[in-house]
Amino acid sequence: MGYLQSCVQQGLRWACLGLGALTAMAQAQSAIYRCGNEYTNSPTPAQKKECKLIEGGGVTVVPAAAVRAGASKPAPANDQQPRVDPQQQKARDNDARTILEAELKKAEGKLAALQQEYNNGQPEKRGEELRNVARYQERVSELKASIVRAEADVVGLRRELQRMGTASR
């Protein structure tokens, strides 16, 4: 009695068909040989070229992308950018400088306020901080971190203004 017939008699027809298909696929897959950067499943040329048998899974081949006929290289960046009128560029630069100076003034004000509140590491205690030392210490460390960030902002804005050719404090 064959394998399929015994499966059918046991009422496992679909499971047996699936196993049979997997077995057939495994038997249909032949050995694959690697010859340098090329692969083949024919043993005759593989033996002539002294190719190595690949064990395990199959090989997936991904074709290279096709190149369109008439495709050209993009033009250099200089040719793609339209020219800006020098007066218009100067107006843009002045606007940018004005914005950076306003941001610098705002950042310096924020830094001054934080330093005043920090009070050289001894800020005034508030409400619950009188009883809860941990909250006070947490606020002090947050103030210190805020001061460091604000100082970095001021330095960055000054550097950017200097890069634009504007003398800052």
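Asks: Any chance you could explain the packing of helix α5 (residues 86–118) against helix α6 (residues 133–163) here in plain terms?
Replies: For any two helices packed against each other, one specifies the inter-axial angle together with the distance between the axes. Viewed as axis vectors pointing N to C, α5 and α6 meet at an angle of 155°, and their least axial separation amounts to 9 Å. Between α5 and α6, the interaxial angle falls into the category roughly antiparallel. In terms of crossing hand, the pair formed by α5 and α6 is left-handed. A breakdown of the residues in the contact of α5 with α6 according to their chemical character gives 13 nonpolar, two polar and 10 charged.

Asks: What is the right way to look at the side chain of R139 in this model?
Replies: Topologically, R139 is positioned in helix α6. Among the polar contacts listed, one links the side chain of R139 to the side chain of E129, at a separation of 2.7 Å. The residues touching R139, leaving out its near neighbours within four places in the chain, are E117, P123, E124, K125, R126 and E129.

Asks: Help me understand the sheet that holds strand β1 (residues 32–35) in this model?
Replies: Each strand in a sheet pairs with its neighbour through backbone hydrogen bonds, running either in the same direction (parallel) or in the opposite one (antiparallel). Spatially, β2-β1-β3 is the arrangement adopted by the three strands of the open sheet, whose pairing is antiparallel. In this open sheet, the two strands that pair with only one neighbour each are β2 (38–40) and β3 (52–54). Across the sheet, the mean angle separating the axes of adjacent strands is 35° when strand polarity is ignored. Pairing analysis gives three bridges linking β1 to β2, with the strands arranged antiparallel. Bridge assignment links C35 to a residue of β2, and that residue is E38.

Analysis parameters
- Residues numbered from 1 in each chain as written.
- Predicted model: local features only at pLDDT ≥ 70, side-chain atom pairs only at ≥ 80, totals over all residues.
- Heavy atoms only, no water.
- Axes fitted to C-alpha atoms, helices over the stretch in contact; angles between N-to-C directions.
- Helix = DSSP H or I, 4+ residues; strand = E, 2+ residues; numbered from the N terminus.
- Parallel < 35°, antiparallel > 145°, perpendicular 65-115°, else oblique.
- Left-handed = near helix turned anticlockwise from the far one by under 90°.
- Nonpolar A, V, L, I, M, F, W, Y, C, P; charged D, E, K, R; others polar.
- Polar contact = N/O pair within 3.5 Å; in protein donor to acceptor, adjacent residues only side chain to side chain.
- Contact = heavy atoms within 4.5 Å.
- Pairing = 2+ DSSP bridges.

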